[in-house]
Amino acid sequence: MEATLPSSVNVQVLYGVQLSPGVMEYVFDVFFDECFKKMERSGLKSRAGRRDIISHLNSVISGCIQGRQTASTQLAVGLAVTSAIEYHNRMKGGNYEVCMMGKYHNVLYVALRITWDWGLEDSGIVRNLLDEIFCCEKTFERLFLGALFGCNAPHFIAGWKSDFNDQDENLRAVVFFLHHSAKARATYPTYSYAYQQLRQTKFIDVPIESCGKASPLRVALQASAPDIVLILLRHGANPCPDDGGASPVLSLLEKLAECEKRSYPFQLVSCLKLLLRTIVMVELPYKPHLYAVRKEMFHGKYAALLEDGLVPYEQVYGIPTLKHSCRCTIRNVLRENFQLPGGVVRLPLPRKLQKYIDLLD
């Protein structure tokens, strides 16, 4: 069912009346109440249905800010997104704090697209929106899947068509939300296999449910997508995610060791090289054998990779360079404090060293 714009909102948009914050808040509340009252429960299931509502809401926002400054634009967009969150909470509150899903939940994805379209700068509001999505879904796969596999993939993997036009736009949107989640220091409770209990996890490391509960970085590595791997690592993805999977480095080595005649795929090698920039040493597997036995077993399996220079000897058997060790240590501190990649440029170091720490050199 196509949404109908409330007449009370139409008047404001038509005449471009400059509204106070209180009146704008009322306009957005009316918009959601009236539009959703007439909409079928599945009205936002299709991408076309969501885009229809997004288009109407964009018109309302444009009407509210006509002739005003940029600050008022941010205010209006913030009020629109907050109104969507509050509508979701009201509906949930009327159902014993259980989300009724359907249009009552998908309103959050209307707000997500509005946030991206207008470039909302208030990280607190963006975090509130992400918190609401996680509270109901326990994952952010609807946002990440399109960036990892293309905008058609979410439909086949999770039954959801991406609201973004293509993979590039979806990826830029992910970077936008990574920036705000880091700025707001957002964390979410996910199961830790290391601690055998729930632990707070950063937005960038929250597992993707439909991909075996693997972290976004692990999924990007499995897909052999070095451009996405670089983006995730630069923004502070944990190079050794606590998602129950094997060591990402060893998983890549396993794939490369299976290549016939030492013909290594460029994408796979690029992923390995990027990952090796973020860890000091490659931990030898085959525990609890003694080190000498583990070293012999590792060399027997991956000797060709060492000989071909895919893995530096010093990162496996020797002592890594001081420069590399410092890079990893600095990045770990910045990552723990939600300062990647923005905090790198604030370090009192020459630009060349900043680029080295930022994985760009």
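The structure reproduced in this document is the subject of the present report.

Reading the values: the criteria
- Residue positions within a chain follow its written sequence, with the count starting from 1.
- Confidence filtering applies because this is a predicted model: local features only for residues at pLDDT of at least 70, side-chain atom pairs given and counted only at 80 or more, and all residues used for totals across whole chains, interfaces and linings.
- Side-chain numbers here rest on the full set of heavy atoms in the structure, without hydrogens or water.
- Side-chain rings of Phe, Tyr and Trp, where Trp is taken by its six-membered ring, are said to pair if the distance between their centres is within 6.5 Å; with planes under 30 degrees apart they count as stacked, over 60 as edge-to-face, and otherwise as tilted.
- Helix numbering and strand numbering both begin at the N terminus, where a helix is a DSSP run of H or I of at least 4 residues and a strand a DSSP run of E of at least 2.
- Relative accessibility under 20% of the residue-type maximum defines a buried residue, over 50% an exposed one, and the middle range a partly exposed one, all with a 1.4 Å probe and only protein chains included.
- Charge-over-ring placement is defined geometrically: NZ (Lys) or CZ (Arg) within 6 Å of the ring centre, and within 35 degrees of the ring normal.
- Residues are treated as being in contact if the distance between any of their heavy atoms lies within 4.5 Å.
- Within this document, salt bridges are pairs made up of a side-chain nitrogen of Lys or Arg and a carboxyl oxygen of Asp or Glu, the two lying within 4 Å of each other.

**Quick look at the packing of aromatic side chains**
- Applying the stated criterion across every chain yields a total of 17 aromatic pairs.
- Note on W116 and F176: the rings are 5.9 Å apart at their centroids and 75° apart in plane angle, and the pair reads as edge-to-face. Of the two residues, W116 is situated in helix α5 (residues 103–118) and F176 in helix α9 (residues 167–183); the sequence distance between them amounts to 60 residues. The residues W116 and F176 share a single accessibility class, namely buried.
- Residues Y191 and Y193 carry aromatic rings whose centres are separated by 5.1 Å and whose planes lie at 90° to one another, so their mutual orientation is edge-to-face.
- Given the relative accessible area of 41%, Y193 is considered partly exposed.
- Aromatic ring contacts, followed pair by pair, group F134, F140, F144, Y188 and F203 into a single cluster.
- Positioned over the ring face of W160 is R142, at 3.8 Å from the centre of the ring.
- Residue placement shows K202 over the ring face of F338; its charged tip is 4.5 Å from the ring centre.

**What to know about the side chain of S325**
- Counting through the fold element by element, S325 comes out in helix α15 (residues 322–336).
- Assessed through its relative accessible area of 18%, S325 is described here as buried.
- If sequence neighbours within four positions are ignored, S325 has contacts with V280 and P320.

**Brief notes about the pattern of salt bridges**
- Scanning the model with the defined rule gives 15 salt bridges in all.
- For the salt bridge of D117 with R113, the shortest nitrogen-to-oxygen distance reads 2.8 Å. Of the two residues, D117 and R113 both sit in helix α5, four residues apart, roughly one turn of that helix.
- The class of D117 is partly exposed, set by a relative accessible area of 33%.
- Measuring nitrogen to oxygen at the nearest pair gives 2.8 Å for the salt bridge that ties R218 to D243. Of this pair, R218 sits in helix α10 (residues 216–222) while D243 is found in the loop between α11 (226–234) and α12 (248–257), placing the two residues 25 residues apart along the sequence.
- D243 gets classed as buried once you look at its relative accessible area, which sits at 9%.
- Overlapping salt bridges, with partners in common, bring together R113, D117 and E169 in one network.

On their own, these measurements won't tell you what the molecule is for.
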